Amino acid sequence: MSEVNRSVPPPVGGWTRLVTARPRLALLAALVITALAVFAGSGVADRMGSGGWQAPDAESTYATDVLAREFPASQPNLLLLVDSGSATVDDPAVAAEAARLVGRLEAEPGISGIGSYWEAASPALRSEDGHEAVIAARIGGDEKTAGETLDRIAPAFAGERGPVTVSLGGPVAVQHEMQTIIQEDLLRAELIALPVTLVLLVMVFGSAVAAMLPLGVGIVAILGTNAVLRGLTEFTDVSVFAMNLTTALGLGLAIDYALFIVRRFREELAGGADPRAAVGTTLRTAGRTVLFSALTVAVSLSAMLVFPQYFLRSFAYAGIAVVLLAAAAALILLPAALVLLGPRINALDLRRMLRRRKKGPAGAAGAAACRSGAASVDGAGASPGRGWARLAVLVMRRAPVFAVVTTVGLLLLGLPFLGVKFGTADDRQLPVGAESRVVQEHIRDGFPGSPGGGLEVLAEGQGSAAEYADLKNRIEQLPGVLRVDGPVTADSVAYYSVLPGEDAVGEETQQLVRDLRAVPSASSLDTSVTGTAAVLVDSKDAIADRLPWALAIIVVATLLLVFLLTGSVLIPLQAVVLNALSLTAMFGAVVWVFQDGNLSGLLAFTSTGDIETTLPVLMFCVAFGLSMDYGVFLISRIKEEYDRTGDHEHSVTFGLRHTGGLITAAAVILAVVMVAIGTSRVTNTKMLGLGIALAVLMDAMVVRGLLVPAVMKLMGRSTWWAPAPLRAFHRKFGLSEGDPVPAGSTTAESPDGRGGPGGAGPTAEAEDISAAGVEMAEPAGR
């Protein structure tokens, strides 16, 4: 840091005074608010749903609701699989017990549309070997009410009942069991992630005291988000899957933000600043970067609000809440804690203890030097991040080679995604042995026809018998139709059951849905189609309709925010393109592993041959936001140094040197959290956790370490170009890491000759000082 800047301490801004004036009071208030959040968010998972893949305004959703209301037996969501053991289902004792079960089920409140093999004598309800048959019913109400009804009746029906054994299945049972397993898996993931994260944080910070701060920020964000979600369940549906994102982002982003802020604070302390002044400088520099990062992540997640499926919207609710709360805790509570701790932030340096034990007096001398800020963490006198600086120099020396090879490699990793097939989530999401999955597998494999794959055509209006017959005849003539049953009529409503000849959700059956919707009918009849394939068609159409809007929100907001941060036109474009490239490996792996079934034995899941339609959208929004998080960290530091020196290549080297280890450490820790989430027994959660973990690591280690410096070298000083009107706009409204240039100071000339990119910009201190234990995750060879 220059002597001039040292002699005149930077002013303490209003925000710094606000968050540090009463640090003990601020932390006490945070403790009280967190305790209230624990109370407000209790039981949130029990109020969440496990569905949400259907578009609420779709034709299939409308037809399903009408059929469930007018013909409950046509839309059963509870199946009782009756196993007669060595006897057949036609045995008198078995039939008598089945009749008793049906009678008891009819007496249960909230259950309607009951039918069974023994009443209807339908071959579709009897297994081909004659030892199993089905009792079907519909539980009314929303997901929460249906789950409560299932919990109430399950003990009275499941298990051995005289000569038969009864197991519960159907959509309600599948969703309820999935919800229970997700809650159990989330608790296990937290028990795995928290201690491992703490160990990694101690390795990164060296200090056990400093390592506890990010966990505190994360816990506040997670508990606060749970309270927000609990409130939202009073007004709208929220998916239980969003709980996983709350935990992952709450810990991951809290650690990212706390790492960035604590590192800068320790640098300022090592440079001789007092704690309050160090906090002020930290908030003006790293704090601004954290704010921009939080906004970019929140914008990426908010794009999911444009989709009608509440599964996707739930992740937007959870993601936006946890990002903003993590940033608020990092910018309000963390500075208060830093003021109180001061130099004690470096207390309990476990690595220093190990160095003393290994090196004796030499290690002690190095530790003392580290405390004074005159040496690096290894006590050798080297500047921190030297390995990352060497990497930056190497990459820029061979920039065309690194740019081409890295880009081609990422594109090759993404090639499997060209063969993606979209489908719907079913019971195979559950682990092998789950009761509702076992029931569905028995029905799918042992019963005739295509259970669960049928389509229903709803006909509304005052149709005549001839008109109903003509409509049935037209349906029967369509290619791909195996059989048509019906119509079943009631007042001015009727429906037909259509059995397709192909796979329940295959391309042929999806085309059959479109053909059914195009069948002309009498003017007095309005028709609509539902069924598993119809839901899939409508879901794909809904996503395709809204996807351009979601992408536009992400791209436009990213371009604007990164421009405000840098004042450059080209850097925002570079950020969007490189972030998209960083996701190719994730999408390729999702198809190669989860769709094609590679590694299914190792990862313990069942491949269905397709990917649930909403998952790629969710993974793109989350992973893109996290990539921007790391991108902002790197770009802001490069911009800060470029404003100070005007030396483009030096600034790139400086930025990678001072953030490479930080970004890698944060990515590794976030990946650990996501892998813990990926240990879930539910396939979609496993895919989400492992896929995003891969994307985060690829972005931090490949894109930020290789592609960004290579591209910035190739672009040269034109990287910072912007037309004159936009330069003026940035001077007026832009923000960036660093303090304003003092009057009379000199800055290196920018490409346009205006004293910096786009005119006067922020300055920063030279930071060839030790990070006091932060540069753990840097390339070997340092």
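These lines cover the structure that appears in this document, whether it is placed above or below. Computed from a predicted model, the values in this text were never measured in an experiment.

1. Let's talk about the packing of helix α3 (residues 23-40) against helix α12 (residues 310-341)
Between α3 and α12, the least distance of the axes is 9 Å, while the angle of their chain directions is 135°. Overall, the two elements α3 and α12 adopt an arrangement that is oblique. The element α3 and its partner α12 pack so that their crossing is left-handed. Each of Pro23, Arg24, Ala26, Leu27 and Ala30 in α3 lies in contact with α12, whose residues at this interface are Leu333, Ala336, Ala337, Val339 and Leu340. Partitioning the contact of α3 with α12 into residue classes produces 9 nonpolar, no polar and 1 charged.

2. Focus: the packing of aromatic side chains
In this structure the tally under the stated criterion is 10 aromatic pairs. Centroid distance Tyr117 to Trp118: 5.7 Å. Interplanar angle 75°. Geometry classified as edge-to-face. Looking at Tyr117, the relative accessible area reads 11%, which means it is buried. Taking the centre distance of 6.2 Å and the plane angle of 25° together, the rings of Phe563 and Phe729 count as stacked. Of this pair, Phe563 sits in helix α20 (residues 532-566) while Phe729 is found in helix α27 (residues 724-733), placing the two residues 166 residues apart along the sequence.

3. What to know about the sheet that holds strand β8 (residues 481-490)
Spatially, the 4 strands line up as an open sheet ordered β8-β9-β7-β10, and their pairing is antiparallel. Here the strands that pair on one side only, and so sit at the sheet edges, are β8 and β10 (526-531). The sheet shows a mean angle of 20° between the axes of neighbouring strands, direction not considered. Relative to β10, strand β7 (residues 455-460) runs antiparallel, the two sharing 6 bridges. Paired with Glu456 across the strands is Thr530, a residue of β10. Helix α19 (residues 507-518) contacts β7, β8, β9 (493-500) and β10 of the sheet and is inclined by roughly 10° relative to β7.

4. What about the nonpolar core?
Counting 151 residues, the largest nonpolar core has Phe241, Tyr257, Val323, Leu338 and Leu618 as its most contacted members. Among the elements that line this core, the one with the most residues is helix α24 (residues 615-645), at 18 residues.

5. A look at the pairing of strand β1 (residues 78-83)
Among the 6 residues in β1, 5 count as buried, and that is most of the element. Relative to strand β3 (residues 132-139), β1 is paired through 6 bridges, and the arrangement is antiparallel. Residue Leu78 lies in a different strand from β3, and its bridge partner there is Ala137. Both β1 and strand β5 (residues 164-169) contribute to a ladder of 5 bridges, which runs antiparallel. Note on β5: the bridge partner recorded for Leu80 is Leu168.

6. So, the pattern of salt bridges
All told, the structure shown has 26 salt bridges when counted by the stated rule. The closest approach of N and O atoms between Glu108 and Arg152, which form a salt bridge, is 2.8 Å. Placement of the pair is Glu108 in the loop between α5 (92-107) and β2 (111-116) and Arg152 in helix α7 (residues 143-157), with a sequence separation of 44 residues. Relative accessible area serves as the criterion here: at 42%, Arg152 is assigned to the partly exposed category. Residues joined by salt bridges that share partners form a network here, namely Arg263, Arg264, Glu267, Glu268, Arg637 and Glu640.

The rules behind each value
- For every chain, the first residue of its written sequence is number 1, and the numbers climb from 1 along that sequence.
- At least 70 in pLDDT is required for a residue's local features to be given in this predicted model, at least 80 for side-chain atom pairs to be given and counted, and no such filter applies to totals for whole chains, interfaces and linings, which use all residues.
- Side-chain measures here rest on the full set of heavy atoms in the structure, leaving out hydrogens and waters.
- Angles here are taken between N-to-C directions and fall from 0 to 180 degrees, while the axes themselves are lines fitted to C-alpha atoms, restricted in helices to the stretch in contact.
- Labels follow the DSSP assignment, with helices taken as runs of H or I lasting at least four residues and strands as runs of E lasting at least two, numbered in each case from the N terminus.
- Our angle categories are set so that under 35 degrees counts as roughly parallel, over 145 as roughly antiparallel, 65 to 115 as roughly perpendicular, and the remainder as oblique.
- Handedness of a crossing is defined here by the sense of rotation of the near helix relative to the far one, left-handed for an anticlockwise turn of less than a right angle and right-handed for a clockwise turn.
- Throughout, a contact is declared for two residues whenever any of their heavy atoms are within 4.5 Å.
- For this classification, the nonpolar set comprises Ala, Val, Leu, Ile, Met, Phe, Trp, Tyr, Cys and Pro, the charged set comprises Asp, Glu, Lys and Arg, and every other residue, Gly included, is treated as polar.
- Pairing of aromatic side chains requires ring centres within 6.5 Å, counting the rings of Phe and Tyr and the six-membered ring of Trp. Pairs whose planes differ by under 30 degrees are stacked, by over 60 edge-to-face, and all others tilted.
- Think of it in three bands: with a 1.4 Å probe and only protein chains considered, a residue is buried below 20% of the maximum accessible area for its type, exposed above 50%, and partly exposed in between.
- Whether two strands pair depends on DSSP finding at least two bridges between them.
- By convention a nonpolar core is built from buried Ala, Val, Leu, Ile, Met, Phe, Trp, Tyr and Cys residues, the set being connected through side-chain atoms within 4.5 Å.
- For this document, the term salt bridge refers to a Lys or Arg side-chain nitrogen within 4 Å of an Asp or Glu carboxyl oxygen.

Keep in mind that these numbers describe shape and distance, not what the molecule does.
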